[in-house]
Amino acid sequence: MAQWTSAVGAAQLARLLNSQQERPAGPGTRRPPAYRALADGIRLLVLEGRVPVAARLPAERELAIALSVSRTTVAAAYEALRTEGFLESRRGAGSWTAVPAGNPLPARGLEPLPPEALGSVIDLGCAALPAPEPWLTRAVQGALEELPPYAHTHGDYPAGLPALRAMIAERYTARGISTMPEQIMVTTGAMGAIDAICHLFAGRGERIAVESPSYANILQLMREAGARLVPVAMADGLSGWDLDRWRQVLREAAPRIAYVVADFHNPTGALADEDQRRRLVDAARSAGTVLVADETMSELWLDEEFASGPMPRPVCGFDPAGSTVITVGSASKAFWAGMRIGWVRAAPDVIRSLVAARAYADLGTPVLEQLAVNWLFSTGGWEQAVDLRRGQARENRDALVAAVRRELPGWEFEVPKGGLTLWVRAGGLSGSRLAEAGERVGVRVPSGPRFGVDGAFEGYVRLPFTVGGAVAEEAAARLAAAARLVEAGATGGAEAPRTFVA
C-alpha cells in the first residue's frame with residue numbers, strides 16, 4: 001500500500017526548485033556537487049512546508065528531464081534524502097517526502113511558537129502583539145457581568161449576538177457607510193469569515209485573484225479549499241495596487257472572487273488610496289467578480305498624519321448597491337490575536353446564505369468573546385486599547401527599522417505608515433535559506449515564498465513589528481548571523497539541525 005497522500009509533478013517541483021535563488025559564488029568558494037544542491041533544494045521545500053510531507057515525488061527520469069540534469073544526479077539526490085530521513089521509498093509505490101524520526105511536522109501556515117520555546121528563540125513569524133492590558137481583563141470581566149441572561153438560552157447564534165451585530169453595524173454607519181445589523185455576521189476570526197466566503201462563492205477549481213504577495217495563511221486556506229489562485233502583482237513600493245494589471249486579470253481570467261487588503265497590506269504595508277479603491281470596485285463589478293476586502297489592519301495607522309486627517313474610505317464605500325464588495329473585519333490584529341472575533345459585512349441576502357451554510361461548519365462564535373468585544377465597543381475601551389496598540393507597534397517599528405539598517409545595510413525596504421510588517425528584500429539572499437539559518441541562530445522568520453504563488457519572492461523575508469528595544473536589536477543581530485551562514489553556504493547538507501520554521 002502506498003504511503004503517500006498527495007503528489008508533486010515534475011514541472012511543479014522544477015519550478016519550485018528554480019525559484020530558490022543562489023548567491024553567486026565568490027573567489028575560492030567551492031560549489032556543492034549537483035546532486036547535493038538538488039537534495040538540499042528538495043529538503044528546503046519540505047522544511048518550508050511548500051512541498052507537503054507524504055507527497056509523492058516524480059520518478060527520477062521525469063524530474064531529470066524537467067531539470068535538464070542527468071538521471072544519475074536525481075538518483076543520487078534521492079538517495080541522500082533517504083539517508084537523511086527526508087525521503088522514503090517502496091518498490092512499485094515510488095518515493096515520497098518524510099521528516100526524520102522524532103521531529104515535528106513542518107507547518108504550512110505562520111503559527112506562533114509554543115510558550116516553552118519563547119525563551120530561546122526570537123519569534124518573528126507571527127505578526128501579532130501581546131494583549132493590551134488592562135483592557136483584555138476589563139473586557140472579560142464586563143462580559144462575565146453580561147453573561148447570565150445568555151446562559152439561560154441555547155447559546156447558538158449562527159449570525160452572532162444581536163447586540164454585537166448592531167454595534168458593528170453602528171460603527172460602519174459612523175464611518176459614513178450606512179449599515180443594518182442584517183448586513184453583519186459575526187465569525188470566528190477573519191480566517192473563519194474568509195473560509196465561509198470561499199465555500200459559498202468559490203467551489204473547488206474556481207479562480208480566486210489575489211495580490212502578489214498576499215497573506216500566507218489566507219493563500220494556504222484557499223489552496224486547501226481547491227481554489228486556483230491567480231496572482232496580481234502589487235504596484236512598486238508602498239503605492240498600493242497596479243490597476244492596469246487588475247483590470248487585465250479580471251477581464252481575462254474572470255475570477256469568481258478577488259481577495260485584497262487595502263489598508264496596510266500584509267505583508268508589504270501598502271495603503272491603497274481612494275482612487276485605486278474606486279477603480280478596483282468598478283473593475284470587479286464589470287467583470288462580475290466578488291471583491292473581498294480584508295480590513296483587519298485598518299485601525300493600525302502609526303504615522304501622525306492619520307491622527308489629524310482621515311484614512312481613505314473603506315472599499316465598501318465605493319459599492320453603494322452592496323452587490324460587489326464583501327468586507328471582512330476582525331479584533332485579532334487591532335486588539336489581540338487570542339480574541340477570535342471577526343465579522344462579515346455584506347448584502348443581507350449574502351449574509352443569510354452565509355448563516356445558512358454555517359449550520360454545517362461551526363454553528364456559531366463563542367458567546368463570551370462576543371460579549372467582551374461588545375463591551376469594548378460600547379464603553380470606549382476599544383479606542384483606548386487600539387491607541388495603546390498603535391503606540392506599541394510604532395515603537396517596535398522604529399526600533400526594528402533602526403536595528404536592521406544598522407546590522408544589515410544591504411537589505412532594502414520601505415517603512416510603512418501602518419500595519420504590523422516590513423517586507424524586506426534580503427540583499428540577494430534566499431529567503432528560504434535565511435529562514436532555515438535563522439532557526440540555527442535563534443530567530444524565527446518567514447520567507448518570502450510563503451506569501452507568493454508558485455515560488456515567487458524567494459529573495460524576500462517578512463519582519464513583523466512584534467519586538468522592540470533590546471530584543472529588536474538582538475533579532476537583527478541574529479538575522480545578520482543567519483545571513484552570514486547563508487553567504488557561507490552553511491545551511492545545507494545532512495549536518496544541518498532538523499528544526500522547523502512554521
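From a predicted model like this one, the values you see are computed outputs, not experimental measurements.

Re the nonpolar core
- Membership of the largest hydrophobic core comes to 40 residues, with the highest contact counts inside it found for Leu124, Val404, Trp411, Leu422, Leu434, Leu463 and Leu479.
- Going through the elements one at a time, α15 (381-407), β13 (421-425), α16 (431-441), β15 (460-464) and α17 (469-487) are the ones with two or more residues in this core.
- Looking at which element gives the most residues to this core, the answer is α17, with 8 residues.
- If near-sequence neighbours (up to four positions away) are discounted, leucine 463 is found in contact with Leu124, Leu400, Val404, Leu420, Thr421, Leu422, Val424, Val445 and Leu479.
- In this structure, Met185, Leu219, Met222 and Val328 belong to the second largest nonpolar core, which totals 31 residues.

A short note on the confidence of the model for the chain
- Considering every residue of the chain, the mean pLDDT works out to 88; 90% of them sit at 70 or more.
- Under a pLDDT of 50 for its full length, residues 492-502 has, in the predicted model, 38 contacts with residues more than four places off or in other chains.

Considering the packing of aromatic side chains
- Taken as a whole and judged by the stated rule, the model has 10 aromatic pairs.
- Their ring planes at 50 degrees and their centres at 6.5 Å tell us that tryptophan 301 and phenylalanine 306 sit as a pair that is tilted. You'll find tryptophan 301 and phenylalanine 306 in the same group, each marked buried.
- With a centroid separation of 5.9 Å and 80 degrees between ring planes, the pair formed by phenylalanine 457 and tyrosine 460 is classed as edge-to-face.

Side note on the sheet that holds strand β8 (residues 228-233)
- Across the sheet, 7 strands lie side by side as β6-β12-β11-β10-β9-β7-β8; this open sheet has mixed pairing. Strands with a single pairing partner mark the edges of an open sheet, and in this sheet they are β6 (184-187) and β8. The average angle at which neighbouring strand axes cross in this sheet is 20 degrees, direction not considered.
- Relative to strand β10 (residues 290-294), strand β9 (residues 257-260) runs parallel, the two being bridged by 4 bridges. Pairing of tyrosine 259 across the sheet is with valine 292, part of β10.
- Sheet strands touched by helix α7 (residues 162-174): β6, β11 (325-330) and β12 (342-345). Its angle to β6, the strand with the most contacts, is close to 120 degrees.

Remarks on a nonpolar patch on the surface
- Together, Val140, Leu144 and Leu368 make up a nonpolar patch on the protein surface, roughly 210 Å² of accessible area in all.
- Its place among the elements puts leucine 144 in helix α5 (residues 135-146).

Let's talk about the side chain of arginine 397
- By the element assignment, arginine 397 lies in helix α15.
- Judged by relative accessible area, arginine 397 falls into the buried class, the value being 6%.
- Of note is the side chain of arginine 397, whose polar atom sits 3.0 Å from the side chain of aspartate 303.
- Not counting chain neighbours up to four residues away, the residues in contact with arginine 397 comprise Leu302, Asp303, Val415, Pro416, Lys417 and Phe465.

Some remarks on the pattern of salt bridges
- Applying the stated criterion across every chain yields a total of 24 salt bridges.
- Between arginine 82 and glutamate 79 there is a salt bridge, with its nearest N and O atoms 3.3 Å apart. Pair noted here: arginine 82 and glutamate 79 are both in helix α4 (residues 71-84), with a separation of 3 residues, about one helical turn.
- For arginine 82, a relative accessible area of 27% translates into the label partly exposed.
- Here the salt bridges share partners, and the residues they tie into one network are Arg36, Asp40, Arg43, Glu84 and Glu436.

Here's the deal with α7
- Between its terminal C-alpha atoms α7 stretches 18 Å, which fits the 18 Å expected from 13 residues at 1.5 Å a residue.
- Tucked into the core, α7 has its buried residues touching β6, β11, β12, α13 (348-358) and α14 (367-379).
- Backbone geometry just downstream of α7 places glycine 176 in the positive-phi region, at approximately 95 degrees.

As for the pairing of β8
- Bridge count for strand β7 (residues 207-212) against β8 is 6 bridges, and the pairing is parallel. Its bridge partner being in β8, valine 210 is matched across the sheet by proline 231.
- Assessed by its sense of winding, the connection that carries the chain from β7 through helix α9 (residues 216-224) to β8 is right-handed.

Section: unusual backbone geometry
- Note that the residue after serine 212, namely proline 213, is joined by a cis bond; omega there is 10 degrees.
- Here proline 213 shows up in the loop between β7 and α9.
- A cis geometry characterises the amide bond from asparagine 266 onward to proline 267, with omega recorded as 25 degrees.
- The topology assignment puts proline 267 in the loop between β9 and α11 (274-287).
- Backbone geometry places serine 68, a non-glycine residue, at a positive phi of 60 degrees.
- Summarising the element assignment, serine 68 is placed in the loop between α3 (60-67) and α4.
- Its relative accessible area of 67% is what places serine 68 among the exposed residues.
- Positive phi outside glycine occurs at phenylalanine 264, with the angle close to 55 degrees.
- Along the chain, phenylalanine 264 falls in the loop between β9 and α11.
- Take phenylalanine 264: its relative accessible area is 1%, and that puts it in the buried class.

The rules behind each value
Residues numbered from 1 in each chain as written. Predicted model: local features only at pLDDT ≥ 70, side-chain atom pairs only at ≥ 80, totals over all residues. Heavy atoms only, no water. Core = buried A, V, L, I, M, F, W, Y, C linked by side-chain atoms within 4.5 Å. Buried < 20%, exposed > 50% of the residue type's maximum accessible area, 1.4 Å probe, protein only. Helix = DSSP H or I, 4+ residues; strand = E, 2+ residues; numbered from the N terminus. Contact = heavy atoms within 4.5 Å. pLDDT = per-residue confidence, 0-100. Phe/Tyr/Trp six-rings, centres within 6.5 Å; stacked < 30°, edge-to-face > 60°. Pairing = 2+ DSSP bridges. Axes fitted to C-alpha atoms, helices over the stretch in contact; angles between N-to-C directions. Patch = residues over 30% accessible without salt bridge, like charges linked within 9 Å, V, L, I, M, F, W, Y side chains within 5 Å. Areas by Shrake-Rupley, 256 points an atom, 1.4 Å probe, with all protein chains shown as cover. Salt bridge = Lys/Arg side-chain N within 4 Å of Asp/Glu carboxyl O. Polar contact = N/O pair within 3.5 Å; in protein donor to acceptor, adjacent residues only side chain to side chain. Expected span 1.5 Å × (residues − 1). Right-handed = clockwise from strand over helix to strand, strands pointing away.

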